[in-house]
Structure formats: structure tokens, C-alpha cells
Amino acid sequence: MTDSLTIALSKGRILDETLPLLAAAGIEPLDNPRISRKLIFATNQSHIRLVIIRAADVPTFVEFGAADLGVSGKDVLMEHDGDLFELLDLGIARCRLMVAEPAEMAANDNPANWSRLRIATKYVHITRRFFATKGVQTEIIKLYGSMELAPLVGLADRIVDLVDTGNTLKANNLVEVEHIADISSWLVGNTASMKLKHELMQSTVAAIAAVLDEK
Ligand code: AMP
């Protein structure tokens, strides 16, 4: 179907901050995705629908064309590392991806001297790539959440996680020691859709870009 568009979003911060952007660009779901358990939402534009999926699945849906457009955190995109277009930095859900360690360890630690690290994270690929370029060997322990707990119970020395206010690290006596990347959410597009649905994709992206320009 070259005359319709599917946009993939995920619940939580991305949905909360993307819906007003889409509304300002003239795209409004007919039901409220924040409270409905539906997964597919028709919009006021009959040729545009939204699908609501897990954040980590957005790049997969877009890469394989199950969605033409999607909104995904840069952290998720870096970890996925797939073939899709990064179209617009939406500037939402801003935070940073950091290496953190216990405060008492940081007092006598110099990242320049790191040679071998044991790191707990859900960002296995990003962490491996980041330290490989620095020539630091890593043993990476994959977790799905509560990374901050790992150094406190001896599972790992350090963690790689998103930091916003820093309150979560502070509450667990951890400090930031290395910056990996600044993170925000991006509008991404399927590469084939960019060609096959060129006009529709361009006009939708332009409408969202115009909203960002007004901010
Ligand atoms: P904070 O205490 O404000 O530094 O937030 C840190 C916690 O919130 C960590 O558990 C992070 O994984 C999570 N977090 C912070 N910013 C984001 C974001 N933009 N998207 C998803 N999770 C985030």
C-alpha cells in the first residue's frame, strides 16, 4: 500500500511526548493510546495509523517495513544498529548514556588506566563497541533492568545506563565516570518506504519538522 502510513510508537515517555508533536502536525489518534489496550490506532487522517509496541521493538518494525515511520530513543537505535533512516532528532526524552561505578571506587579510579572491566548493562552491543575502540577488554553481564543494583551486590564493578537527573545513581551511591553518548528520541523511517511512498513520507516528515522548527 503506497497510499497509507504506519507509525510505530512505544508507551511511556516517548508516547507522552510524541502525541502532542503529532497532534501539532495534524495527526491525532481516534482513541487514546495512553489508556486503551489496543495495539493499532486509526487517526483523524484515514491513511495514517499508529501501532504501539515495546520500545526495543520499534527499530525492528521500521527496519522490516511493518511500520514506515517510528519514534525511538537513540540508545535503542544504537543498540539495534540496523538499516533504517534517522530522519529527525525530536529532541525529546533527553538523557545521557554513561558508565557509572560506586563512589568509593571512583575516588581512586582513573578511566585512562582501565584495561579489563566487568560491566552490567542492557546495552551489550553499545558497551562492547565503545570499549573495543578504546582497547579495553570487557566482560559484559546482560541485565534487563535495575542495573544500579549490580555493583551493590557484587555482580559487576560498573554499569552502563541512561542517566537523566542523576537521582537514581545518587540514591545507590554510584557516580558517573565516562560519557558514552547524548540521547534523545528520533523519528526513523523504513528505507524502502522512503522511495516507494516518497510523497507521503516527505509530507509527514515535513509536517513534524515544521512543528519542531516552531518550538
Ligand atoms: P535519573 O534518576 O533521572 O537519572 O533517571 C535514571 C533512570 O531513569 C534510569 O533507570 C534510566 O534507565 C531511566 N531513564 C532516564 N532517562 C531515560 C530516558 N530518556 N528514557 C528511558 N529511560 C530513562
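Going by the structure above, here's the rest.
All of the points below concern the structure found in this document. All values reported here derive from a predicted model rather than from experimental measurement.

Right, let's talk about the nonpolar core for a bit. Residues Leu9, Leu88, Leu90 and Leu187 are the most contacted members of the largest nonpolar core, which totals 28 residues. Of all the elements, helix α9 (residues 198-214) adds the most residues to this core, at seven residues. Every residue in contact with leucine 90, bar those within four places of it in the chain, is listed here: Leu21, Val71, Ser185, Trp186, Leu187, Ile208 and Leu212. Core analysis: the next-biggest nonpolar cluster, separate from the first, contains 15 residues, Cys95, Val99, Phe130 and Ile183 among them.

The next point concerns the side chain of glutamate 79. Of note, glutamate 79 is situated in helix α3 (residues 74-80). The buried charged residue glutamate 79 lacks any salt bridge partner; its closest oppositely charged side chain belongs to lysine 142, at an N-O distance of 5.4 Å. Engagement of the side chain of glutamate 79 in a polar contact is seen with the backbone nitrogen of valine 124, the distance being 3.0 Å. A distance of 2.9 Å separates the side chain of glutamate 79 from the backbone nitrogen of histidine 125, its partner in a polar contact. Leave out the neighbours within four places in its chain, and glutamate 79 touches Lys122, Tyr123, Val124, His125 and Ile126.

What follows deals with a nonpolar patch on the surface. Judged by side-chain polarity, Leu149, Leu152, Val153 and Leu155 come together as a nonpolar surface patch covering roughly 350 Å² of accessible area. Relative to the assigned elements, valine 153 resides in the loop between α6 (149-152) and β9 (158-163).

Let us look at the sheet that holds β9. The five strands lie next to each other as β8-β7-β9-β6-β10, forming an open sheet whose pairing is mixed. One side of each edge strand has no neighbouring strand; the edge strands of this open sheet are β8 (137-142) and β10 (174-183). With direction set aside, neighbouring strand axes in the sheet form an average angle of 30°. Relative to β9, strand β6 (residues 95-102) runs antiparallel, the two sharing five bridges.

Parameters at a glance
Residues numbered from 1 in each chain as written. Predicted model: local features only at pLDDT ≥ 70, side-chain atom pairs only at ≥ 80, totals over all residues. Heavy atoms only, no water. Core = buried A, V, L, I, M, F, W, Y, C linked by side-chain atoms within 4.5 Å. Buried < 20%, exposed > 50% of the residue type's maximum accessible area, 1.4 Å probe, protein only. Helix = DSSP H or I, 4+ residues; strand = E, 2+ residues; numbered from the N terminus. Contact = heavy atoms within 4.5 Å. Lys, Arg positive; Asp, Glu negative; His and termini not counted. Salt bridge = Lys/Arg side-chain N within 4 Å of Asp/Glu carboxyl O. Polar contact = N/O pair within 3.5 Å; in protein donor to acceptor, adjacent residues only side chain to side chain. Patch = residues over 30% accessible without salt bridge, like charges linked within 9 Å, V, L, I, M, F, W, Y side chains within 5 Å. Areas by Shrake-Rupley, 256 points an atom, 1.4 Å probe, with all protein chains shown as cover. Pairing = 2+ DSSP bridges. Axes fitted to C-alpha atoms, helices over the stretch in contact; angles between N-to-C directions.

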